[in-house]
Amino acid sequence: MNKHVVIQRKGRTGRSWALALGLVSAGVIVAAVQVMSGGEGARQSVDAVSSAASATAASGDDGTRTHVGTEADGRFAQGNGDLLMSPELIKRFEYHLAAIGERTVPQIREAILNDLRRSLNAKGLSEATRLLDKYLQFKTALASVQAGQSSDGSAAALAHSFQVIRDLRAQYFDAAEIAALFAQGDEYEDYMVRKMSILQDKSLTEAQRREALASLAGQLSPAARADVEQPLLHLTLSERVEQARREGATAAQIREIRTEMVGADATRRLEALDREEADWQDRIQQYKAAKASDPARAEQLKNQLFSPNEQLRLSAYE
């Protein structure tokens, strides 16, 4: 199973939740929010859409493929169990929501609450639960707003998309909550719009474009600058690892390269993804070999080796 991974140093706010704010299986979330408010029809609609994963412990490894070998993103609790309201809380919500496709959203919501209970006192848990439910309601509404929207790939279109998100978000969160939970992400999004505008400005010479981009990056806060640098770090790491593998590097040498660039925790996560990818490819090869020699057996093997959700992706390899 191929995955794009943004390596995150511990303590830094990731971007996985920000740019794709309205894209986390919104149709499933619609049904989940209906279930929270009750109603038999709503329960049936969730049954119809079902299957999304719930991650549980802070270790993240609960047996669902999405979270194997990972650690949950986001530090959201203070030492005494009070809620620390920051972008880290949204990161934790999105860490769990990324598992959509393996279990239902109500299960994911419960997994988030179980996760929160481990770190928060009663007051903190109550506040975090309130924010979680508002976040799910916001994403449900956002799915409706974004349905049918198209983009021409311009900076203006991207800016409009972000503004739609912010206008809708203001209906669910007050100014203090937005500042605490989303301001850092908004800064990054503004940067992306301005960067795209510079890149698309055909009146600039190459030298002027480089100067404008450098000036723009210099205006970022340290936290936002880290967000900009992380994807670049991942690309550089990927290139180094691929080159080392072509040159015959051992697993220990690959581990050394990764540890040097992103640290031990991220290296363990990448190695877990390597194992997951190897397992996925091995199962595909077993299935393809059976299909070539015994089609009837292959269909049986398909159901043994792959979950219903995985079988949807399997068609790309057939």
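None of the values given here were measured: they were computed from a predicted structure.

Enquirer: Can you tell me about the environment of M85, naming the residues and giving the values?
Expert: With respect to the helices, strands and loops of the structure, M85 is situated in the loop between α2 (40-49) and α3 (87-97). Residues M85 and A128, spaced 43 residues apart in sequence, show a C-alpha to C-alpha distance of 8.4 Å. If we ignore the near neighbours within four places in the chain, the residues touching M85 are L131, A176, E177, A180 and L181.

Enquirer: Quick one: what's the story with the packing of aromatic side chains, residue by residue and with numbers?
Expert: Tallying each qualifying case throughout the model produces nine aromatic pairs. Note on F173 and F182: the rings are 5.3 Å apart at their centroids and 70° apart in plane angle, and the pair reads as edge-to-face. For the residue pair F173 and F182, the accessibility class agrees, reading buried in each case. Where W280 meets F306, the ring centres are 5.6 Å apart and the plane angle is 85°; that geometry is what we call edge-to-face. One end of the pair, W280, is in helix α11 (residues 264-293); the other, F306, is in the loop between α12 (295-305) and α13 (308-314), and 26 residues separate them in sequence. For W280, a relative accessible area of 1% puts it in the buried group. Residue classification places F306 among the buried positions, given a relative accessible area of 3%.

Enquirer: Can you lay out the environment of S154 for me, pointing to particular residues and giving the numbers?
Expert: Residue position: S154 is located in the loop between α5 (122-146) and α6 (155-169). Aside from chain neighbours lying at most four places away, what touches S154 is M196 and Q200.

Enquirer: How would you explain the side chain of E94 if you had to name every residue and give the values?
Expert: You can see E94 is positioned in helix α3. Engagement of the side chain of E94 in a polar contact is seen with the side chain of Y135, the distance being 2.5 Å.

Enquirer: Report on the pattern of salt bridges, specifying residues and quantitative values.
Expert: Across all of its chains, the model carries 19 salt bridges by this definition. Here E127 and R130 are joined by a salt bridge, their closest N and O atoms 2.5 Å apart. With E127 and R130 both in helix α5 and three residues apart, the pair spans about one turn of that helix. For E127, a relative accessible area of 28% translates into the label partly exposed. Looking at R130, the relative accessible area reads 33%, which means it is partly exposed.

Enquirer: Could you give me a rundown of the packing of helix α4 (residues 105-117) against α5, with the residues and numbers involved?
Expert: Remark: α4 packs on α5, axes separated minimally by 10 Å, with the N-to-C direction vectors making an angle of 155°. If you check the angle between α4 and α5, you find them roughly antiparallel. Regarding α4 and α5, the two cross each other, and that crossing is right-handed. Residues R109, I112, L113, L116 and R117 of α4 touch α5, and the partners they reach there are L125, A128, T129, L132, D133 and L136. For the contact of α4 with α5, the residue count by class is seven nonpolar, one polar and three charged.

Enquirer: An account of the nonpolar core is requested, with residue identities and associated values reported.
Expert: By size, the foremost hydrophobic cluster in this structure holds 32 residues, and its most contacted members are L89, F93, L116, L120, Y135 and F173. Those elements that place two or more of their residues in this core are α3, α4, α5, α6 and α7 (175-200). The element contributing the most residues to this core is α5, with nine residues.

Thresholds, definitions, all that
- Residues numbered from 1 in each chain as written.
- Predicted model: local features only at pLDDT ≥ 70, side-chain atom pairs only at ≥ 80, totals over all residues.
- Heavy atoms only, no water.
- Helix = DSSP H or I, 4+ residues; strand = E, 2+ residues; numbered from the N terminus.
- Contact = heavy atoms within 4.5 Å.
- Phe/Tyr/Trp six-rings, centres within 6.5 Å; stacked < 30°, edge-to-face > 60°.
- Buried < 20%, exposed > 50% of the residue type's maximum accessible area, 1.4 Å probe, protein only.
- Polar contact = N/O pair within 3.5 Å; in protein donor to acceptor, adjacent residues only side chain to side chain.
- Salt bridge = Lys/Arg side-chain N within 4 Å of Asp/Glu carboxyl O.
- Axes fitted to C-alpha atoms, helices over the stretch in contact; angles between N-to-C directions.
- Parallel < 35°, antiparallel > 145°, perpendicular 65-115°, else oblique.
- Left-handed = near helix turned anticlockwise from the far one by under 90°.
- Nonpolar A, V, L, I, M, F, W, Y, C, P; charged D, E, K, R; others polar.
- Core = buried A, V, L, I, M, F, W, Y, C linked by side-chain atoms within 4.5 Å.

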